[in-house]
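Given next are the chains, with one letter for each unit.
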Amino acid sequence: MKESYKYKIGLLSHNIDINKVISRHKLTLVLLLIGWTAVIIFFLLWKISELNSTHNELFLNEARTLVERDTLYSNWIISKGCVYVKTDTTIKNYPHIVSPSLMYKQFQKQLKDKNKLIIRLTSLNSVNPDYKADSWESKSFEHFKKGKSEFYSFDTLNNNEYFRYIIPLKIKKECLSCHSDQKIGEIKGAYSIALLSTNYDKYYYHQLKNDIILHLLVWFIGSFAFVFVFRKLYSYLKEVKLSQEQFYEFLNNSPMSTFIKDEEGNLVYLNKIAEQYLPEKFRNGKWKGLKDSDIWEAEIVQKLREHDAEVINSMQSKVFEEIIINEGKKYVWLTHKFPLRDTSNGKVYIIGMEIDITERKEKEEQIKKYSKHLEELNKNKDKFISVLAHDLKGPFTPILGYTELLATSAEYLTYQEIKEYAHSLDVIVKNQFQLLENVLDWSRLEGNRLKIEPKELNLFDEVKKVLNLYQPIYSDKEIQIIEKVDPAYEIITDQHALNTILRNLISNAIKFTPRKGTIQIIASKENDGYKIKIIDSGIGIPKENLSKIFGGEFGFTTRGTNNEKGTGLGLTICKELVEKLGGKIWVESEVGKGSTFTIVIPNMKIENQ
């Protein structure tokens, strides 16, 4: 599994320009060919130089051999005393013996004819013009005077090139009989041989041609090898270039945000979509040469590096949820990261493909909230139905008892007893009616079917209506009602909603105010609306319960001062209705001193005006 993620990424790195790589390799090939040609030329020149040395040495050895041979014959002739013997006759008394001098001259003639030699004797003070030194021979005498024992070089004779070799002739003891005026060892003349160069040039040029052909062949094979290798490399680079173009074309056109970075966090590549999620100052390629730590906050980078390390250590692809905060906005990415190891240097790169799941995560969070809310609603609904069933069923027991008593024993009851029973029935039925009203209002609110229809109302009249409704109840408890509402107050709002709010708050105050207590209803102007306070001298609400009374927690209720029981639904409905009217509601309470419920309701606009 791990081996599959090994890849030589070097040439596919976004920081490497394949065109430049190809150009550099072309230049390298040209330089290699030039260098290779220079090496071949160097060795060819060295071989030619060696061949020239060999060629000159060949001439020199040949010339030395001929001179030694000729000198040998000359010494032999001299030893026989035949220097002046006539060369056109045989030796007297020995007709079958040839004169050594003649034999020598014949030998020289054959030698000259065979090898096309020029053999000369040169004298310093020659009477005979044939033995007079030419310019080359005169030059050689200068070298002899300096102690040289021989002199040689190429020279032109009779329009032909010759290799000329010359040695000095010195006076010997045997020569003193004829040259008494000379000293032994004194240079008298010189002996020279000229070898026709054409006799040896054939070998020289043949060898030169072979050397040139060999070096050209080596140069051609080497050059062909260089070109072949570089053509293969060029073909490979062209394929890499095409692959790179296709690879980055795919990444650039990918619908996913894609990036490449190394294990130190250096950014190598970002496609167009990835750039869009960078801060503005890093877009349009300004991210190049930067690390992820140069762009994102340290806390974010730490988490990203942890994910990178996990991928590198395991050398396996992994999927992470990563959070990026860009210019104050939170993004959630689903990032698929996988490693690539560059086998040329062992470096590991991280390739990541990201999908923006911010909207999905927000919806998931909303769904979680909705699920939790629905769960709570369902729980509350079950609890509410249970409480409601009990509260609806409970009052029917006394109702049935009173009605049965009145139906069967009315003639035995006094007027006062009938009046008391009727009053009790009235209280029970009104409470049940309010309960049903609250249930209907809650149902409409939960189903978003409660229609708000604002109209102009007299606030004083609306308060009076509610007080009249509960007059028997608060009168029975001897509760004093203090009403401070200006009859001139006009409010534009929904009548049913306002009535429900006042009804629940006033009935709640009556419920928790003890006998002979006080309830104040105070209204005052508040900006473009009214503030209404319902203040009771009741039992108060403990601090730990203040947050629960508007929370819609069904069943959260306490019994009133006359053991009255409720569902806990009324105040929840009040809060929702006040908010629908654009207002606010809050409560202040102290145990044993009473509670103050305050509502602020603004004037609404009437649509048809």
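All values reported here derive from a predicted model rather than from experimental measurement. (Residues numbered from 1 in each chain as written. Predicted model: local features only at pLDDT ≥ 70, side-chain atom pairs only at ≥ 80, totals over all residues. Heavy atoms only, no water.)

**So, helix α10 (residues 459-469)**
Where we set the bar: Think of it in three bands: with a 1.4 Å probe and only protein chains considered, a residue is buried below 20% of the maximum accessible area for its type, exposed above 50%, and partly exposed in between. A run of H or I in DSSP counts as a helix once it spans at least four residues, and a run of E counts as a strand once it spans at least two, with each numbered from the N terminus. Arc definition: it is the arc formed by the directions from the helix axis to the C-beta atoms. What qualifies as a polar contact is a pair of N or O atoms within 3.5 Å, subject to a donor-acceptor requirement within protein and to the restriction that residues adjacent in sequence count only when both atoms come from side chains.
Listing the buried residues of α10 in full gives L459, E462, V463, V466 and L467. Taken end-on, α10 shows its buried residues confined to a sector of 135°, consistent with a single buried face. Near the N-terminus of α10, the side chain that reaches the backbone nitrogen of F460, with its oxygen 3.1 Å away, is that of N458.

**Quick look at the sheet that holds strand β8 (residues 329-341)**
Across a sheet, strands are paired by hydrogen bonds formed along the backbone, either parallel or antiparallel in direction. To keep it simple, the criterion reads: Whether two strands pair depends on DSSP finding at least two bridges between them. Throughout, an axis means a line fitted to C-alpha atoms (over the contacting stretch in the case of helices), and angles, computed between N-to-C directions, take values from 0 to 180 degrees. Any two residues having at least one pair of non-hydrogen atoms within 4.5 Å are treated as being in contact.
If you walk across this open sheet you meet the 5 strands as β6-β5-β9-β8-β7, and the pairing is antiparallel. Since the sheet does not close on itself, it has two edges, and those belong to β6 (267-270) and β7 (318-326), each with one partner. In this sheet, neighbouring strand axes are inclined to one another by 30° on average, regardless of whether the strands run parallel or antiparallel. Pairing of strand β5 (residues 257-262) with β6, which is carried by 3 bridges, proceeds in the antiparallel orientation. Of the residues in β6, the one forming a bridge with I260 is Y269. The strands touched by helix α6 (residues 298-314) are β5, β7, β8 and β9 (348-356); relative to β7, the strand with the most contacts, the crossing angle is about 160°.

**A short note on a nonpolar patch on the surface**
To be explicit about the condition: Excluding any residue in a salt bridge, patches collect residues exceeding 30% relative accessible area, merging like charges within 9 Å and nonpolar Val, Leu, Ile, Met, Phe, Trp and Tyr side chains within 5 Å. Note on areas: Shrake-Rupley, 1.4 Å probe, and residue coverage restricted to the protein chains presented here. A carboxyl oxygen of Asp or Glu within 4 Å of a side-chain nitrogen of Lys or Arg is what we treat as a salt bridge.
On the surface, L217, W219, F220, I221, F224, F228 and V229 cluster together to form a nonpolar patch covering roughly 720 Å² of accessible area. Note that F224 resides in helix α4 (residues 198-252).

**What about the sheet that holds strand β16 (residues 594-602)?**
Judged by pairing direction, the sheet is mixed, and its 5 strands sit side by side in the order β11-β13-β14-β16-β15 without closing on themselves. A strand with exactly one partner marks an edge of an open sheet, and here the two such strands are β11 (480-484) and β15 (584-590). For this sheet, the mean inter-axis angle between neighbouring strands, taken without regard to orientation, is 10°. Bridge count for β15 against β16 is 7 bridges, and the pairing is antiparallel. Bridge pairing links V587 to F597 in β16. Running over the sheet, helix α14 (residues 570-580) touches β15 and β16 and is turned about 140° from β15.

**So, the side chain of E462**
You can see E462 is positioned in helix α10. On the basis of relative accessibility, which here comes to 3%, the residue E462 falls in the buried class. Ignoring anything within four residues of it in the chain, the contact list for E462 reads L457, Q495, L498, N499 and L502.

**Some points on the side chain of T358**
Relative to the helices and strands, T358 is located in helix α7 (residues 358-393). By relative accessible area, T358 is classed as buried at 9%. A polar atom in the side chain of T358 sits 2.5 Å from the side chain of D356. Those residues in contact with T358 that lie beyond four places of it in its chain are K330, Y331 and V332.

**Observations concerning the nonpolar core**
Within soluble globular proteins, side chains that are nonpolar generally end up buried alongside one another. Filter applied, for reference: For the purposes of this section, nonpolar cores are sets of buried Ala, Val, Leu, Ile, Met, Phe, Trp, Tyr and Cys residues that join through side-chain atoms within 4.5 Å.
Ranked by internal contacts, the top residues of the largest apolar core, which has 42 residues, are L459, I501, L505, I506, I510, F597 and I599. Mapped by element, the contributors of at least two residues to this core are α10, α11 (471-476), α12 (495-512), β13 (518-525), β14 (529-536), α14, β15 and β16. Ranked by residues supplied to this core, first place goes to α12 with 8 residues. The contact partners of L459, leaving out residues within four places of it in the chain, are V485, Y489, I491, L498, A523, Y530 and I532.

**Description of the packing of aromatic side chains**
We apply this condition: Put simply, two rings from Phe, Tyr or Trp (the six-membered ring, in Trp's case) pair if the centres are within 6.5 Å, and we call them stacked under 30 degrees between planes, edge-to-face over 60, tilted for the rest.
Tallied over the entire structure, the rule returns 12 aromatic pairs. For the pair F154 and F163, a centre-to-centre distance of 5.4 Å together with 70° between the ring planes defines the contact as edge-to-face. Residue class for F163 comes out buried when judged on its relative accessible area of 1%. Relative to Y331, the ring of Y277 lies with its centre 5.2 Å away and its plane at 90°, an arrangement referred to as edge-to-face. You can see Y277 sitting in the loop between α5 (272-276) and α6 and its partner Y331 sitting in strand β8, a full 54 residues away along the chain.

**Brief notes about the pattern of salt bridges**
Per the stated rule, a full pass over the model turns up 25 salt bridges. Put simply, K47 and E50 hold a salt bridge, and the shortest N to O gap is 3.4 Å. Here the residue K47 and the residue E50 both occupy positions in helix α1 (residues 18-80), the gap between them amounting to 3 residues, near one helical turn. By relative accessible area, which is 35% here, E50 ends up partly exposed. Between D308 and K261 there is a salt bridge; the shortest N-O distance is 2.8 Å. With D308 in helix α6 and K261 in strand β5, the pair connects residues that are 47 residues apart, well separated along the chain. A relative accessible area of 4% means that K261 is categorised as buried. When salt bridges with common partners are traced through the structure, they connect K261, D292, R305, D308, E322 and K337 into a single cluster.

**Some thoughts on helix α3 (residues 135-145)**
Among all positions of α3, only W136, E137, S140, F141 and F144 are buried. What you see down the axis of α3 is that its buried residues fit within an arc of 150°, all on one side. Facing away from the buried side of α3, by more than 90 degrees, are the exposed residues S135 and K145. Residues of α3 that are buried sit in contact with β1 (117-123), β2 (151-157), β3 (160-170) and β4 (187-196). The opening residue of α3 is D134, an N-cap whose side-chain oxygen sits 3.3 Å from the backbone nitrogen of W136. Note on α3: the residue one or two positions beyond its end, G147, has a positive phi of about 100°.

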